[in-house]
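# A look at the structure
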Amino acid sequence: MVHSALIEKLRAAVGEDYVHTAHEAMRAYDHDALMIYKGLPGAVVLPESAEEICRVMEICHEERVPVIARGAGTCLSGGPTPAPGGVLLVTTRMNRILEVDYENLLARVQPGVINIHLSEMTRPRGFHYAPDPSSEMACTIGGNAAENAGGAHCLKYGMTTNHILGMTVVLSSGEVVRLGSDGEEAPGFDLRGIFIGSEGTFALTTELTVRLTPNPEGVRTMLTTFAEVGDACRTVSDVIAAG
Ligand SMILES: Cc1cc2nc3c(=O)[nH]c(=O)nc-3n(C[C@H](O)[C@H](O)[C@H](O)COP(=O)(O)OP(=O)(O)OC[C@H]3O[C@@H](n4cnc5c(N)ncnc54)[C@H](O)[C@@H]3O)c2cc1C
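Just so we're clear, the structure is a prediction, and the values are computed from it rather than from any experiment. (Residues numbered from 1 in each chain as written. Predicted model: local features only at pLDDT ≥ 70, side-chain atom pairs only at ≥ 80, totals over all residues. Heavy atoms only, no water.)

## Details of the sheet that holds strand β5 (residues 97-101)
The strand order across the open sheet formed by five strands is β5-β6-β10-β8-β9, and the pairing between neighbours is antiparallel. The sheet is open, and its two edges are formed by β5 and β9 (176-180), each paired on a single side. When the angles between neighbouring strand axes are averaged without regard to direction, this sheet yields 15°. Note: strand β8 (residues 164-170) against strand β10 (residues 204-211), six bridges, orientation antiparallel. Counterpart to Ile164 in the pairing with β10 is Val210. Those strands touched by helix α3 (residues 50-63) are β8, β9 and β10, and its axis lies near 145° from that of β10. (Pairing = 2+ DSSP bridges. Helix = DSSP H or I, 4+ residues; strand = E, 2+ residues; numbered from the N terminus. Axes fitted to C-alpha atoms, helices over the stretch in contact; angles between N-to-C directions. Contact = heavy atoms within 4.5 Å.)

## Quick look at the domain arrangement of the protein chain
Here the protein chain is partitioned into domain 1 (4-90) and domain 2 (97-214). Here the C-alpha centre of domain 2 lies 22 Å away from the C-alpha centre of domain 1. When the two sides are added together, the surface that domain 1 and domain 2 hide from each other amounts to roughly 1,200 Å², 69% of it contributed by carbon and sulfur. Our count for the contact surface shared by domain 1 and domain 2 stands at zero salt bridges. Between domain 1 and domain 2 we count one residue pair in polar contact (both at pLDDT 80 or more) in total. Counting only elements with at least two residues in the side of domain 1 that touches domain 2, the list comes to α3 and β3 (67-70). Residues of the side of domain 1 that touches domain 2, tallied by class, amount to nine nonpolar, five polar and two charged. (Domains from an automatic or database assignment. Buried area = accessible area lost by both parts, 1.4 Å probe. Salt bridge = Lys/Arg side-chain N within 4 Å of Asp/Glu carboxyl O. Polar contact = N/O pair within 3.5 Å; in protein donor to acceptor, adjacent residues only side chain to side chain. Nonpolar A, V, L, I, M, F, W, Y, C, P; charged D, E, K, R; others polar.)

## Section: α3
In this model α3 runs 20 Å from its N-terminal to its C-terminal C-alpha over 14 residues, within 8% of the 20 Å that 1.5 Å per residue would give. Listing the buried residues of α3 in full gives Glu52, Ile53, Cys54, Val56, Met57, Ile59 and Cys60. Arg64 sits one or two residues past α3 and shows a positive phi near 55°. (Expected span 1.5 Å × (residues − 1). Buried < 20%, exposed > 50% of the residue type's maximum accessible area, 1.4 Å probe, protein only.)

## Structural notes on the site of the ligand
Taken together, 30 residues lie near the ligand, and Ala69, Gly71, Thr74, Ser135 and Thr140 sit nearest. Thr140 has a polar side-chain atom sitting 2.6 Å from an oxygen atom of the ligand. Taking Gly150, its main chain carries an N or O atom lying 2.9 Å from an oxygen atom of the ligand. With the chains in place, 83% of the 980 Å² that the ligand exposes on its own is no longer accessible. A majority-of-atoms criterion places the ligand in the second largest pocket. Of all the secondary structure elements, the ones that give two or more residues to the shell around the ligand are β3, α5 (141-147) and β10. The element best represented in the shell around the ligand is α5, accounting for five residues. Classifying every residue of the shell around the ligand gives twelve nonpolar, 15 polar and three charged. Both domains that furnish three or more residues to the shell around the ligand are identified here as domain 1 (4-90) and domain 2 (97-214). (Near = heavy atom within 4 Å. Areas by Shrake-Rupley, 256 points an atom, 1.4 Å probe, with all protein chains shown as cover. 1 Å grid on protein atoms, 1.4 Å probe; cavity = no way out; pocket = protein on both sides within 12 Å on 5 of 7 lines; lining within 4 Å. Sits in = over half its atoms within 2 Å of the grid points.)

Encoded structure:
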C-alpha cells in the first residue's frame, strides 16, 4: 500500500501539488455518483500527460500498489471506487482536445475531456460528439469509454463503442499500446472493442480518437398522449422506421 517513499516518487512524477494525501482532500474522491460503495485511497494523483500516467503506473507496478482510474466520478456502478490504501488516478487535468479533423469527421482527445466541451467546439462547424449518458455536462470521454456508456441518444446514434475509432492505453506495467486506428476499419482483432466497457480493469486510456456526427437538421420536442401503451410503442417504431 501507499507509504511515504512512494508518495515522494509520485510527487516527483506529477508535481507536488497534484498528489493529495490529506484525509479531507481524499474524501471528495471516495465514491462515485452512486454513493453506495466507498473506499479511502492512500493517495489521489492527478497527472497532466500520458507520460506522467506511464510513470505513475511504473511506480505503482514496482511497489505492487493497486491503481484505480477516475474521470468525473459520475459513474453509477461503483467503477471509480478507490481501492482502500491504493492510488486513485484522476484524469480531470487531461482535458485537452488535441486535434479536430473535419475532413475525416474525427477528433483526438485526452481522456479527461468533458463530452459537451467537444460538442461545443465542433457544433458551429455542423458537428457534435453524439454520446451523452445524460451527464454530458460533467462526464469524461475516457470514463464513457471505460463504461461503454449509453443514454437516451444511443437509440439513434448507438453506444460509445460506435463512436471510438482508436485509443492509446497504458498497461499496469507502464507499457503503451495503441488500439484500433484513425480510420473506419483496423486490421486484426478488435482489441479496442474489448477494452471499451472494461471499466478501467485492463488499462488506463491516455488518448482517444472519436467520431464526429453531423448535427441534426432540426430538433422539436413533442408531447403526445396515447390510450394504450402498445400504441405508443408502435408509434416510436414507426418514427424510427421513417428515418
Ligand atoms: C444523472 C446521471 C445519469 C446517467 N445516465 C446514464 C445513462 O443513461 N447511461 C449510461 O451509460 N451511464 C449513465 N450515467 C453514468 C455515467 O455518467 C457514465 O457512465 C459516464 O460515462 C461516466 O463518466 P465519468 O467521466 O464520470 O467516469 P467515472 O465515473 O469517473 O469512471 C467510470 C469508470 O471509468 C473508469 N475510467 C475513467 N477514466 C478512465 C481512463 N482514462 N482509463 C481507464 N478507465 C477509466 C473508472 O475506473 C470507472 O470504472 C449517468 C450518470 C448520472 C449522474
